[in-house]
There are 2 protein chains.
Amino acid sequence: MSLRHALLGLLSEHPASGYDLLKLFETSLANAWPATQSQIYTELTKLADAGLIAVAAEGPRGRKEYTLTAEGLAELRHWLTETKPQRTTRSDTLLRVFFLGVLTPDQARGYLTELIERADEGHQGLRQLEESIDWTDDNLSVYGRIALEYGLRLHTMHREWAEWASGQIT
Amino acid sequence: MSLRHALLGLLSEHPASGYDLLKLFETSLANAWPATQSQIYTELTKLADAGLIAVAAEGPRGRKEYTLTAEGLAELRHWLTETKPQRTTRSDTLLRVFFLGVLTPDQARGYLTELIERADEGHQGLRQLEESIDWTDDNLSVYGRIALEYGLRLHTMHREWAEWASGQIT
DNA sequence: GACATCATGTAACCCGTTACATGATTTT
DNA sequence: AAAATCATGTAACGGGTTACATGATGTC
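Here the residue numbers are simple positions, counted from 1 along each chain's written sequence. As a convention, the first chain written is A and the first ligand written is 1, with the rest following in written order. The model is predicted, so local features are restricted to residues of pLDDT at least 70 and side-chain atom pairs to those at 80 or more, both for listing and for counting; the totals for chains, interfaces and linings are taken over all residues. The basis for the side-chain values is all heavy atoms of the structure; hydrogens and waters are excluded.

As recorded by an unreviewed UniProt entry, chain A carries the name PadR family transcriptional regulator and is attributed to Streptomyces kaempferi.

### Re the interface of chain B and chain A
In plain terms, the rule: By definition in these notes, contact holds between two residues if any of their heavy atoms fall within 4.5 Å. In what follows, salt bridge is the name for a side-chain nitrogen of Lys or Arg lying within 4 Å of a carboxyl oxygen of Asp or Glu. Side-chain atoms alone can form a polar contact between residues adjacent in sequence; in general such a contact is a pair of N or O atoms within 3.5 Å, and within protein one must be able to donate a hydrogen while the other accepts it. Only DSSP runs of H or I covering at least 4 residues are called helices, and only runs of E covering at least 2 are called strands; the numbering of each starts at the N terminus.
Contact residues are listed per partner, giving 62 residues for chain B and 63 residues for chain A. Between the two partners, chain B and chain A, sit two salt bridges. Among the ionic pairs, Lys 84 of chain A bridges to Glu 114 of chain B, the shortest N-O distance being 3.4 Å. Scanning the region where chain B abuts chain A turns up 20 residue pairs in polar contact (both at pLDDT 80 or more). Broken down by secondary-structure element, the contributors of at least two residues to the side of chain B that touches chain A are helix H1 (2-11), helix H2 (18-29), helix H4 (70-82), helix H5 (92-98), helix H6 (105-132) and helix H7 (139-168) of chain B. Top contributing element to the side of chain B that touches chain A by residue count: H7 of chain B, with 18 residues.

### Description of the protein's contact with DNA strand D
Rules: When at least one non-hydrogen atom of a residue lies within 4 Å of a molecule or strand, that residue is treated as near it. All amino acids are sorted into three groups, where Ala, Val, Leu, Ile, Met, Phe, Trp, Tyr, Cys and Pro are nonpolar, Asp, Glu, Lys and Arg are charged, and the leftover types, Gly among them, are polar.
For DNA strand D, the set of nearby residues contains 21 residues, the closest of which are Tyr 19, Tyr 41 and Lys 64 of chain A together with Met 1 and Gln 39 of chain B. Atoms of DNA strand D within 4 Å of the protein: sugar and phosphate make up 64%, bases the balance. A distance of 2.5 Å is found between a phosphate oxygen of DNA strand D and a side-chain nitrogen or oxygen belonging to Lys 64 of chain A. The side chain of Gln 39 of chain B places a nitrogen or oxygen atom 2.5 Å from a phosphate oxygen of DNA strand D. Elements that contribute at least two residues to the surface near DNA strand D include exactly helix H2 (18-29) and helix H3 (37-49) of chain A together with helix H3 (37-49) of chain B. Considering each element in turn, the surface near DNA strand D owes the most residues, four residues, to H3 of chain A. Taken together, the residues that form the surface near DNA strand D break down as six nonpolar, 10 polar and five charged.

Written out as structure tokens, the structure reads:
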């Protein structure tokens with residue numbers, strides 16, 4: 001049920017349309033909780049039905065601008081303070097590591113080398129994102145910056161670990 | 001489609017029953033790709049139908065011991081070498097960070113403090129797992145050890161990041 | 001004999017992905 | 001006039017979670 005809270009969270013900063021939210025997902029939440037267009041529109045309808053958000057204005061092309069209701073803000077706060085983050089993390093990348101023994105040592109090292117490249121690319125991508133964003137002093141900027149730092153550190157860790165792991169293969 | 005490859009991977013080491021595989025998931029793959037009992041049994045049936053695994057022996061209580069077929073091993077190798085790990089990582093924990101601005105600074109720091117505690121617990125849990133395992137020189141041991149190191153480093157990174165983040169909140 | 005463990009299978013529901021489907025408005 | 005962008009909605013499918021359902025075998 002995190003998608004709904006992601007939407008509530010974004011709407012807590014500014015009113016926005018489904019289209020706006022889709023763009024916000026692409027830039028800010030893409031690395032924490034990716035969502036597709038179809039998912040967003042479906043969930044917005046459900047959130048409106050549940051009274052957690054409301055249509056505040058309508059624009060050209062059937063644009064519907066949603067705002068967070070008092071119930072929606074309460075639900076967001078409840079999620080943040082009263083529920084534990086417990087989503088099981090699944091990593092395709094790490095799963096493969098367990099089975100590298102069915103490959104030759106060279107192939108196994110090759111896999112880890114690719115991971116190093118991907119870590120570097122990811123790190124660079126976040127650096128570029130950092131530069132492209134107009135960092136203000138609003139909440140999403142402050143905490144978005146903290147989340148971005150998480151990503152930078154994660155990629156650095158990936159690189160160092162993959163280098164170490166490569167040396168473990170005899 | 002990673003569950004099927006996780007099963008093929010485990011079977012590449014030793015023949016095993018659904019029940020055995022369930023136990024293996026709990027100890028070795030739990031942190032990379034958790035799976036439930038119902039999922040495992042369903043997938044094993046599909047894999048057998050597809051000819052990637054076969055029932056090699058039957059035991060008491062309807063126990064079916066599966067082995068990897070040549071096609072299964074080929075599929076495992078194909079997955080490891082020819083397909084890219086691209087599973088989008090979703091992190092409930094990180095998503096929440098974006099919206100900590102709707103809480104008071106004290107509450108936000110409280111959330112990060114909890115993350116530090118969970119990181120320490122996770123680190124300790126892996127240390128205990130490390131000690132409880134009878135590390136041999138088979139493939140799953142060698143690469144399982146590498147995967148475990150990944151977890152240790154991840155938890156360390158989490159702690160350091162959360163401590164840093166806590167200091168960023170004014 | 002009671003209890004723990006071994007052992008398998010199915011059904012309902014929710015969430016996420018991909019693809020389809022349509023059309024208005026703005027920019028070049 | 002053409003192309004890009006804005007804007008929304010639905011349907012089919014696949015995978016994961018929870019719960020239900022059953023029973024045999026080994027151990028104390």
